[in-house]
Amino acid sequence: MAEWLQIPGPLLLVGAGKMGGAMLDGWINLGLDPKSTYVIDPQPSPEMVASLEASGVTLNPTEMPMPAVIILAVKPQMADAVLPTLRSYIHQTLVISVMAGKTLATLEAGLPAGAAVVRAMPNTPAAVGRSITVLVANDKVAQSQREIADSLMAAVGEVAWLEDESLMDAVTAVSGSGPAYVFLLAETLTYAGLRAGLSADMAATLARATVAGAGELLHRTDIPPAVLRKNVTSPGGTTAAALDVLMADDGMEALMIKAVEAAAKRSRELGS
Ligand SMILES: NC(=O)C1=CN([C@@H]2O[C@H](COP(=O)(O)OP(=O)(O)OC[C@H]3O[C@@H](n4cnc5c(N)ncnc54)[C@H](O)[C@@H]3O)[C@@H](O)[C@H]2O)C=CC1
Ligand SMILES: O=C(O)[C@@H]1CCC=N1
């Protein structure tokens, strides 16, 4: 096992859906020991069942050793039902919740007194090692547990820590939900290509390669996105004509501000 993925005991994932599954895929691919990895999920997808069987991870164990780490990746609406069921699995255990909106105080209230809790907001590019996760810890988290949380999330991408938990709603709205905005860009570019006369296949291929290529360029250089945009834009050219539309007063910036505000508001609502 790679040194950065060494967990001092079993890992239990509660909720192996899209986000939990993406992280687990990343960890298993990067050497997490499947024999010390357990999943609780009453309704896993057939693909998840097949993937767990293939990797040797135990699904819905009837008994298991006390976990060192629990990853909580059920829907926020399930928190009240699920948190009490975890009490018997918690003894010097680090609980990492990725649930949108659910605050450290809410999580602490549902867990045994003194539980070490980290709230994390990853995103689904974790499945390919390209997540960005923001974490915030309660005051029961030991330095060694902070390092475990950091290692797990660093194994699937970039990591940043916050001191001010109130910023997690904005984080969720920007990077937690953000991949969906980018996928929507690929979808809408495809549709626009169709409307411009391309075949469905050609439009989808061009849109996918363009979004992926532009993302890769952004990833591989420190050049600010505004400069990369200007590098595409010849004065009086085709891009400038499109950007006149996209950068109008009611264009992408105004829309994105509204979208991020809506997501942050929903995050706050899910927390209450
Ligand atoms: N999907 C995303 O991009 C991100 C999701 N999150 C958070 O991750 C959490 C999960 O979201 P998704 O994976 O998208 O949802 P999902 O619906 O794909 O996965 C939830 C999983 O929980 C399982 N589940 C339901 N009841 C359960 C129980 N009692 N015990 C154990 N498992 C149970 C379901 O069968 C399902 O497989 C949410 O709290 C969400 O806020 C955070 C960051 C990004
Ligand atoms: O849509 C949601 O609520 C979750 C949280 C961030 C991404 N997906």
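Keep in mind that what you see is a predicted model, and the values were worked out from it rather than measured.

Draft legend 1. Spatial organisation of the site of ligand 1. Residues in close proximity to ligand 1 total 26 residues, the closest being Gly-15, Gly-17, Met-19, Met-99 and Ala-100. Looking at side-chain class alone, the shell around ligand 1 contains 16 nonpolar, seven polar and three charged residues.

Draft legend 2. Representation of the domain arrangement of the protein chain. By domain assignment, the protein chain separates into domain 1 (3-171) and domain 2 (178-271). Residue composition of the side of domain 1 that touches domain 2, by class: four nonpolar, five polar and two charged.

Draft legend 3. Focus on unusual backbone geometry. Backbone geometry at Asn-60 places phi at a positive 45°, although glycine is not the residue there. Of note, Asn-60 is situated in the loop between strand S3 (58-59) and strand S4 (69-72). Overall, Asn-60 belongs to the exposed group, with 11 C-beta atoms counted inside 10 Å. The phi angle at Gln-92 is positive, at roughly 55°, despite the residue not being glycine. If you trace the backbone, Gln-92 turns up in the loop between helix H3 (79-82) and strand S5 (94-97).

Draft legend 4. Spotlight on the packing of helix H6 (residues 168-176) against helix H11 (residues 252-271). One way to put it is that H6 packs onto H11 with a least axis distance of 8 Å and a crossing angle of 130°. On the basis of their axis angle, the class for H6 and H11 is oblique. With respect to the hand of their crossing, H6 and H11 are arranged in right-handed fashion. The residues of H11 that touch H6, namely those facing Asp-169, Ala-170, Thr-172, Ala-173 and Val-174, are Val-260, Ala-263, Ala-264, Ser-267 and Arg-268. Its residues assigned to classes, the contact of H6 with H11 comprises six nonpolar, two polar and two charged.

Draft legend 5. The nonpolar core, seen in detail. The biggest cluster of nonpolar side chains holds 53 residues, and the ones touching the most others in it are Val-14, Ile-71, Leu-72 and Val-95. Apart from the residues within four sequence positions on either side, Leu-72 is in contact with Val-14, Gly-15, Val-95, Ile-96, Ser-97, Val-98 and Met-99.

Draft legend 6. Quick peek at the packing of helix H7 (residues 178-195) against helix H8 (residues 200-220). Remark: H7 packs on H8, axes separated minimally by 8 Å, with the N-to-C direction vectors making an angle of 145°. Crossing of H7 over H8 shows right-handed handedness. Contacts between H7 and H8 involve Val-182, Leu-185, Ala-186, Leu-189, Thr-190, Gly-193 and Leu-194 on the former and, on the latter, Ala-200, Ala-203, Ala-204, Leu-206, Ala-207, Arg-208, Thr-210 and Val-211. Looking at the contact of H7 with H8 residue by residue, the class counts come to 11 nonpolar, three polar and one charged.

Draft legend 7. Here's a closer look at the UniProt feature "domain: Pyrroline-5-carboxylate reductase dimerisation" (unreviewed entry) in the protein chain. Mapped onto the present numbering, the UniProt feature "domain: Pyrroline-5-carboxylate reductase dimerisation" (unreviewed entry) falls on residues 165-270. Helix makes up 79% of residues 165-270 and strand makes up 0%, while its end C-alpha atoms are separated by 15 Å.

Draft legend 8. Here's a closer look at the pairing of strand S2 (residues 37-40). Side chains of S2 alternate between two faces, with Thr-37 and Val-39 and Tyr-38 and Ile-40 buried alike. For strand S1 (residues 11-14) and S2, the ladder comprises four bridges, and the chain directions are parallel. Across the sheet, Leu-12 pairs through a bridge with Tyr-38, a residue of S2. Since S1 and S2 lie parallel, the crossover through helix H1 (residues 18-29) that links them has a hand, and here it is right-handed. As paired strands, S2 and S3 are joined by two bridges and run parallel to one another. Bridge assignment links Val-39 to a residue of S3, and that residue is Leu-59. Handedness of the crossover is the feature at issue here: the chain leaves S2, passes through helix H2 (residues 46-55), returns alongside S3, and the resulting connection is right-handed.

Conventions adopted
Residues numbered from 1 in each chain as written. Chains lettered and ligands numbered in written order. Predicted model: local features only at pLDDT ≥ 70, side-chain atom pairs only at ≥ 80, totals over all residues. Near = placed C-beta within 6 Å. Nonpolar A, V, L, I, M, F, W, Y, C, P; charged D, E, K, R; others polar. Domains from an automatic or database assignment. Helix = DSSP H or I, 4+ residues; strand = E, 2+ residues; numbered from the N terminus. Buried ≥ 20, exposed ≤ 12 C-beta atoms within 10 Å, placed from the backbone. Axes fitted to C-alpha atoms, helices over the stretch in contact; angles between N-to-C directions. Parallel < 35°, antiparallel > 145°, perpendicular 65-115°, else oblique. Left-handed = near helix turned anticlockwise from the far one by under 90°. Contact = placed C-beta atoms within 7 Å. Core = buried A, V, L, I, M, F, W, Y, C linked by C-beta atoms within 7 Å. UniProt positions renumbered as here; feature names shortened; annotations may be inferred. Pairing = 2+ DSSP bridges. Right-handed = clockwise from strand over helix to strand, strands pointing away.

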